[in-house]
Amino acid sequence: MIGSGDPAIKISVSLLACDFARIGEQVSEAERAGADIIHLDVMDGAFVPNISFGVPVINSVRKVTGLPLQTHLMIQDADRYIEAFRKAGSDQIWVHAEASPHLHRSLQAIHAAGAKAGVALNPHTPLDVLEWVKDDLDAVLIMTVNPGFGGQSFIEAMLPKIRAARAMLGPNVDVAVDGGVDARTAPLVVDAGANVLIAGTAVFSHPGGVAAGIAALR
C-alpha cells in the first residue's frame, strides 16, 4: 500500500476552482506551497455542460510556472487541438475515451507532439476501453464525479474501479483521480492505488488558504 506521505504521490491543483482574477498569483502560490502539477480543465460546452478556457489561458499559465501543465480535454474532436495545446505549454494531454472515436490515433498524436498521453474515463465507463491502448498510456484518469463542474461530491463506488485500474496497468502508469478529492477522500483513493490526486475546491477554497489546502491533502 502506498502511504499518504509517500513522495510518489503527486498533488495536481485544478485551476478550475481558482480565482481567475488572480490566476497567475494563485498558480505561484500553489507552486510555493508544494504542488507538483498544475491541472487545466478545458471544457467546450458540448461534451460537458460547461465552458471553461482554452489555449490562451494555458499559454499565460505556462509563463508563470515551471511546474508540469496537465491539460484535461473535456471536448469533442480533441485531435484538432492537440498540437495547439502542446505549443501553448501542456506537458501532459488527456483525452476522454467517450469523445475519442479513434483513441489509439489520439494517443499517437499526443506523443508525436512531445507530450505525455492519458485517457480520462467518466464514472460509468468501463476499464475495458483501455485494453488495446494500455501500452500507449502514460496515465489514466478515473473521474470520481461526472465531469463538467467543480465542487461535486466524491462517488465512492469508484474506489473498486481505481483498484482495478492499478491492477490492469501496473506500477509504471499514473492512476489519477479527479472529483471530490479532499482530506477525507485522499487516503481512500491512495489506498486504492491512485498516485495523482487532482484537487481544486479542496485547495483554492480551503479556509486556511492554498498552502493549508495542499498540506491537508499531504
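Look above for the structure.
Residues numbered from 1 in each chain as written. Predicted model: local features only at pLDDT ≥ 70, side-chain atom pairs only at ≥ 80, totals over all residues. Heavy atoms only, no water.

Undergrad: Just give me the short version of the packing of aromatic side chains, but keep the residues and values in it.
TA: Throughout the structure, instances matching the rule amount to one aromatic pair. Ring geometry for Phe 20 and Phe 53: centres 5.9 Å apart, planes at 55°, overall tilted. Taken as a pair, Phe 20 in the loop between strand 1 (10–14) and helix 1 (23–32) and Phe 53 in the loop between strand 2 (37–43) and helix 2 (55–62) lie far apart in primary sequence, 33 residues in all. Judged by relative accessible area, Phe 20 falls into the partly exposed class, the value being 40%. Residue classification places Phe 53 among the buried positions, given a relative accessible area of 9%. (Phe/Tyr/Trp six-rings, centres within 6.5 Å; stacked < 30°, edge-to-face > 60°. Helix = DSSP H or I, 4+ residues; strand = E, 2+ residues; numbered from the N terminus. Buried < 20%, exposed > 50% of the residue type's maximum accessible area, 1.4 Å probe, protein only.)

Undergrad: So what about the pattern of salt bridges? Which residues, and what values?
TA: The full count for this structure, using the stated rule, is 11 salt bridges. For Asp 174, the salt bridge is made with Lys 10, and the minimal N-O distance between the two is 3.6 Å. Taken together, the positions of Asp 174 in strand 7 (residues 174–178) and Lys 10 in strand 1 put the pair 164 residues apart, joining distant regions of the chain. When its relative accessible area of 31% is taken as the criterion, Lys 10 is described as partly exposed. We note a salt bridge from Arg 62 to Asp 91, for which the minimum N-O separation is 2.8 Å. With Arg 62 in helix 2 and Asp 91 in the loop between helix 3 (82–88) and strand 4 (92–96), this residue pair connects regions lying 29 residues apart in the sequence. Given the relative accessible area of 22%, Arg 62 is considered partly exposed. Asp 91 gets classed as partly exposed once you look at its relative accessible area, which sits at 27%. (Salt bridge = Lys/Arg side-chain N within 4 Å of Asp/Glu carboxyl O.)

Undergrad: How would you summarise the pairing of strand 8 (residues 196–199) if you had to cite specific residues and measurements?
TA: The side-chain alternation of strand 8 yields two buried faces, one formed by Val 196 and Ile 198 and the other by Leu 197 and Ala 199. By the bridge criterion, four bridges tie strand 1 to strand 8 in an arrangement that is parallel. When the bridges of strand 8 are listed, Val 13 appears paired with Ala 199. Where strand 7 and strand 8 come together, three bridges link them in parallel fashion. Note that in strand 8 the partner of Val 177 across the bridge is Leu 197. Taken together, strand 7, helix 6 (residues 186–192) and strand 8 constitute a β-α-β crossover, and its handedness is right-handed. (Pairing = 2+ DSSP bridges. Right-handed = clockwise from strand over helix to strand, strands pointing away.)

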